[in-house]
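Below, each chain spelled out in residue letters.
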Amino acid sequence: MPKLTDAERDELLPTLPEWNHDAGRDAITRTFRFADFNAAFGFMTRVAMLAEKADHHPEWSNVWNRVEILLTTHDANGLSRRDIALAKAIDALV
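This one's a predicted model, so the numbers in the text were calculated from it and none came from an experiment.

With respect to the overall build of the chain
From N to C terminus, the chain includes three helices and four strands. Going residue by residue from the N terminus, the α and β elements of the chain occur as α-β-β-α-β-β-α. Rg of the C-alpha trace for the chain: 13 Å, near the compact-globule value of 12 Å for 94 residues, within the 12% margin. Taking the principal axes of the C-alpha coordinates as reference, the chain spans close to 40 × 25 × 20 Å. Counting only contacts in the chain whose residues sit at least 6 apart along the sequence, the fraction spanning at least 24 positions is 64%. Split by element, the accessible area of the chain, about 5500 Å² in all, is 52% carbon and sulfur. With 11 positive and 15 negative side-chain charges, the chain shows a spacing of 3 Å between the two charge centroids.

Here it is as structure tokens:
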């Protein structure tokens, strides 16, 4: 999967208004907050199932009710359409 061009990035990032572009890593990030740890962990389980099906895995962390996700395509050395697709699938879970 090739890295997004500047034009593709400019077109696709606005379709993910809750995500932030980390230009230094050429990645997108988003923080999710839930009622408690159980809800956060349940969300992570659902994301893990999506990621496994897509064979595209996030970098993430969890502290109590907060889940932080970073998406980038390591093989492409930056953002690819796989990251955009996974971000949209994650957004659909919330």
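Some remarks on the nonpolar core
In this structure, Trp19, Ile28 and Ile90 are the most contacted members of the largest nonpolar core, which totals 20 residues. Contributing elements (two or more residues each) for this core: β2 (27-33), α2 (37-54), β4 (66-71) and α3 (81-93). Residues within four places of Ile28 in sequence aside, it is in contact with Leu13, Leu16, Trp19, Asn20, His21, Ile69, Leu70, Leu71, Leu79, Asp83, Ile84 and Ala87.

Quick notes on the environment of His56
Tracing the sequence through the fold places His56 in the loop between α2 and β3 (59-63). For His56, a relative accessible area of 7% translates into the label buried. Considering only alpha carbons, one finds His56 and Leu86, 30 residues apart in sequence, at a separation of 7.8 Å. Among residues more than four places away in sequence, those in contact with His56 are Ala51, Thr72, Thr73, Arg82, Asp83 and Leu86. A polar contact of 2.6 Å, which involves the side chain of His56, links it to the side chain of Asp83.

Rules used in this analysis
- Residues numbered from 1 in each chain as written.
- Predicted model: local features only at pLDDT ≥ 70, side-chain atom pairs only at ≥ 80, totals over all residues.
- Heavy atoms only, no water.
- Helix = DSSP H or I, 4+ residues; strand = E, 2+ residues; numbered from the N terminus.
- Rg over C-alpha atoms; globule rule 2.2 N^0.38 Å.
- Contact = heavy atoms within 4.5 Å.
- Areas by Shrake-Rupley, 256 points an atom, 1.4 Å probe, with all protein chains shown as cover.
- Lys, Arg positive; Asp, Glu negative; His and termini not counted.
- Charge placed at Lys NZ, Arg CZ, Asp CG, Glu CD.
- Core = buried A, V, L, I, M, F, W, Y, C linked by side-chain atoms within 4.5 Å.
- Buried < 20%, exposed > 50% of the residue type's maximum accessible area, 1.4 Å probe, protein only.
- Polar contact = N/O pair within 3.5 Å; in protein donor to acceptor, adjacent residues only side chain to side chain.

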